[in-house]
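Chains, contacts and geometry: an overview
Single-letter residue listing:
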Amino acid sequence: MKRKDLYLKMFHYENFFNDKIIRLESMDYDTKVFPMPEIYKKAINLMFQHNTLTYSDFGGFPRMIKQINLYENLVSKTSFQKAVFVSAGVSSLLNTVVKLISRKCPKKEQVVLFSPEYSFFHSVVEGNGLKPIVINTSRKNNFIPTIKQIKEKINNKTLAVIFSNPNNPTCQILPNNFIKELVNLCKKNETFIVTDEVYRNTVFDEKNYSPIEKVNGGYNNLFKLFGPSKDRPGLNGLRMGYCLFDRKFENNFKKEHVVSNFSNNIIADFLFLIDISMRNYNMTNKKSNDLKLFSNYYLDDYNKKLQINRTKQKKYLELIIREINQNRNIVDFITPTCGNSLWFKYKTALPPETFVKLFTKKGVALYASDVFLDNYKINGSWSRICITKDISKIIKGLKKI
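Here is a short report on the structure shown in this document. (Residues numbered from 1 in each chain as written. Predicted model: local features only at pLDDT ≥ 70, side-chain atom pairs only at ≥ 80, totals over all residues. Heavy atoms only, no water.)

Concerning the pairing of strand S9 (residues 330-334)
Pairing geometry for S9 and strand S10 (residues 341-346), over four bridges, is antiparallel. Counted as the bridge partner of Asp 332 is Lys 345 from S10. (Pairing = 2+ DSSP bridges. Helix = DSSP H or I, 4+ residues; strand = E, 2+ residues; numbered from the N terminus.)

Right, here's the structure in full:
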């Protein structure tokens, strides 16, 4: 099996699951437990009232682009105007990025990836005829690559380094010094950086995390991906995200993406615009024109619901760790620095499909570590528990491990 097919294993494992099984790996928020803000529902009603169910603008409509640029400036505390392209989720944008940069540098065919990592990155790399160079990280370093490993892998044949920060699935943050060194190596070898920051707003202590713009020293061969599906209950299924990049790539980006998707879902676009506008409002106390459609009740409810959800996730995490510490079949875990999941190790190193089938028979749905590029022969059998469901169901599932 080619490693690009590993991403398909996620869907293969789904065939073993059913409605009665306890889903410990699912990233879908139970919105009865983690309530979605009322402003999303109001926004949908406004769309119907004003009969604006039309095709959306290719790449996102102008006032959304403006709000995203403002948001990124506020988050990174920098001042720039980047090209922004909005589409149906971060994953859909990655393929466009890889196609664009591979056409720009056809003689470079190597792409550096980290393990464990979101295996879709690997699938896109191989699917575009490129060669993945995987850095196998270790538990000793909390599955964070070392500078030595990076230096050994990046050279003048390296097209790009693709990674998520915070990491999926370990929920660990890459240190600023590591990012700086990575950027310097990429500059030296004219290597592109493609980073997915979709988990950044789930960081528990924001002082420990910096968006890449704050530490990249102005490097322009950078593509950054972001979306709301991991930090906003109710937005998972809307599949919205954007790519931020230097304007010199804008025309080529549109040419590459147009064969994949002409326009977005207009309702999803509008909800995403409202959400980004709310993020900006919370940092500036200034309402965009779109937010003036909503009373203060909806603005207050937005912040109240999100705070309830974050507090609940932190509490759930404490209860999960307490349960894990009492479980003799779980021999190790990494306390997450962010996010909505916890990465743990089973007592026995099992082949991936054996691992999945074992827990399916016990009534628990878990992905094996190969879904995250991690080799069980190197690190053992690791998996994740997602903190997106009612805690009683999660604890019930944990007791079956």
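There is more to say after this.
Brief notes about the environment of Phe 253
Tracing the sequence through the fold places Phe 253 in helix H8 (residues 250-257). Of the residues examined, Phe 253 reaches a relative accessible area of 0% and is grouped as buried. In sequence terms Phe 253 and Leu 70 are 183 residues apart; their C-alpha atoms lie 21 Å from each other. Each residue touching Phe 253, except ones within four places of it in the same chain, is listed here: Phe 85, Leu 93, Thr 96, Val 97, Leu 100, Phe 223, Cys 243 and Phe 245. (Buried < 20%, exposed > 50% of the residue type's maximum accessible area, 1.4 Å probe, protein only. Contact = heavy atoms within 4.5 Å.)

Some thoughts on the pairing of strand S3 (residues 110-115)
Side-chain direction in a regular strand flips from residue to residue, so the side chains alternate between the two faces of the sheet. Counted residue by residue, S3 has six buried out of six residues, so it is predominantly covered. The two faces of S3 match: Gln 110, Val 112 and Phe 114 on one face and Val 111, Leu 113 and Ser 115 on the other face are all buried. The sheet contact formed by S3 and strand S4 (residues 131-136) spans six bridges and is parallel. Its bridge partner lying in S4, Val 111 is registered against Pro 132. In this sheet, strand S5 (residues 158-164) lies alongside S3 in parallel orientation, the contact comprising four bridges. Bridging from a neighbouring strand, Val 112 pairs with Val 161 of S5.

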